[in-house]
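The primary structure of each chain is shown beneath.
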Amino acid sequence: MKTNRFRLLMGIAALGISSLGLFSCDDKDEPADVTPAEQHFTISAWAQGDDQYIAAVPSLHEGNLSFIGKGIEAQGSRYLWHKEYVYQMNLPEKKFIQYEMKADGSIAQKSYILTDGVVPNYFQSLNVIDDNTLLVLGALDDNKGVAGWARISIGDFKVLDKGTFTLPYDAAKPDVGFYLGRGFVDNGKFILGGYYYDAATRAYVVDGVKALVYDFPSMGNMKVISTNATNGSVGYDYLHSVDKDEEGNHYFVVSAGKYWMGNGGKSGVVRIKKGTAEFDKDYFLDVTTPVGDQACLMGLNYVGNGIAFGTVQYESKMTSVRDRYNDIAQVVKLNLNTKAVTVMNSPLSPVGMVRSPLVFNGKYYTGISPVDKEAFIYEFDPNGGADSFKKGIALDGGGYIQVQLIAPHPTK
């Protein structure tokens, strides 16, 4: 149920945006007229403690978006987009849903897969293997050393094959499990990020930086790889936590905060070079030290020419993990080659803005929604300095709106 305050904000905002031409919340309703544009975008978002929505807009640079009455209601925990499709893991219904984005600006559910018994539970890790294939991973809640995998064909959205694979597990420490993160395929190997968590102490278990390597597509022959560059966890599944450059080198976000994914170590970026299945022991981009304030890196998107953007969570402004809903996060620019870090002079915001930002036409786009203030999609230019950003489309609801995903539609 919506909070009264959120209803009021969104209700007022909805009065002025009928021209956006978005889908009704009821999937059975006919879509409204779509505003003509050369390029449309889909945005998924949620209001803290309330429903989630998916809607399309004709521009990221101007206009105003309210989801109420204009978006498809959703209950998503994990989102992914690739080419013309947006994917959502609907936890309450245990459905993995495929939405199709069309050039005319419309978006609609195309198909879904019931996840029970497939991996064997809901899909925790969503990964694009190539233009034709997704790899999804999932485990039972006890994480006792076994998880499931399934390959899904993108075109007809069917499960191609499935099976189980081994996770690290020590029977002498039954409460410590490996939780599945994001990964990638390179040179016949699937390299999987994730984190170790002790359910009894409710604390992350960190010793250096570790990831798992499997033969692909068999998902056998597990190997643990590690680096002592810092103490933290990689590949967190909710966030955009792994990306690659033009040469095919992959970069994992290492989160190492006191309240998030670590034990107060230095957060930053580690690298796995193209064609290898080991961490580059000579590479670590330390983000915490130059930024200060116990900055914990939360996500990373590669833009090009060695430049990436991400978001840091200032843990010096926090007293518990729940403070992530306060204005404690900020955008940073990272030079992966020179290891320079630039804190952008953009507004502070809750950390929810980092889930799945967009890189499009050489620019970086993310939603920034300070608590009780105006919220916008912001555009960041990698060629400028700390002030090289500007406001785009407004998001009604202020800090109640958290953007989960921004995705471009195909063009005509």
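Residues numbered from 1 in each chain as written. Predicted model: local features only at pLDDT ≥ 70, side-chain atom pairs only at ≥ 80, totals over all residues. Heavy atoms only, no water.

- If you check an unreviewed UniProt entry, the protein chain appears there as DUF4374 domain-containing protein from Dyadobacter soli.

Some words on the overall build of the protein chain
- A tally of regular secondary structure across the protein chain gives 2 helices and 31 strands.
- For the protein chain, restricting intrachain contacts to residue pairs at least 6 apart in sequence, the fraction spanning at least 24 positions comes to 51%.
- As displayed, the protein chain offers around 16800 Å² of accessible surface, 47% of which is attributable to carbon and sulfur atoms. (Helix = DSSP H or I, 4+ residues; strand = E, 2+ residues; numbered from the N terminus. Contact = heavy atoms within 4.5 Å. Areas by Shrake-Rupley, 256 points an atom, 1.4 Å probe, with all protein chains shown as cover.)

Observations concerning the packing of aromatic side chains
- Per the stated rule, a full pass over the model turns up 25 aromatic pairs.
- Centre to centre, the rings of Y87 and F96 are 5.7 Å apart; their planes meet at 15°, and the pair counts as stacked.
- Taking the relative accessible area as the measure of exposure, F96 reaches 0% and is therefore buried.
- Residues Y378 and F389 carry aromatic rings whose centres are separated by 6.1 Å and whose planes lie at 50° to one another, so their mutual orientation is tilted. One end of the pair, Y378, is in strand β29 (residues 375-380); the other, F389, is in strand β30 (residues 389-395), with 11 residues separating them in the sequence.
- On the basis of relative accessibility, which here comes to 5%, the residue Y378 falls in the buried class.
- Its relative accessible area of 22% is what places F389 among the partly exposed residues. (Phe/Tyr/Trp six-rings, centres within 6.5 Å; stacked < 30°, edge-to-face > 60°. Buried < 20%, exposed > 50% of the residue type's maximum accessible area, 1.4 Å probe, protein only.)

Looking at the pairing of strand β11 (residues 146-153)
- The buried fraction of β11 is high, at 6 of 8 residues.
- Note that strand β10 (residues 133-139) and β11 share 7 bridges and pair antiparallel. Looking at β11, one finds that G138 is bridged to G148.
- Linkage of β10 to β11, two consecutive antiparallel strands, is achieved through a turn of 6 residues, within which N143 is found at a positive phi near 50°.
- Here β11 folds back onto strand β12 (residues 158-166), and the loop between the two strands holds 4 residues, one of which, F157, carries a positive phi near 50°. (Pairing = 2+ DSSP bridges.)

Thoughts on the sheet that holds β29
- Read from one edge of the open sheet, 5 strands run β3-β30-β29-β28-β27, paired in mixed fashion. Of all strands in the sheet, those bounded by a partner on one side alone are β3 (64-65) and β27 (358-360).
- Relative to β30, β29 runs antiparallel, the two sharing 5 bridges. Paired with A375 across the bridge in β30 is L395.

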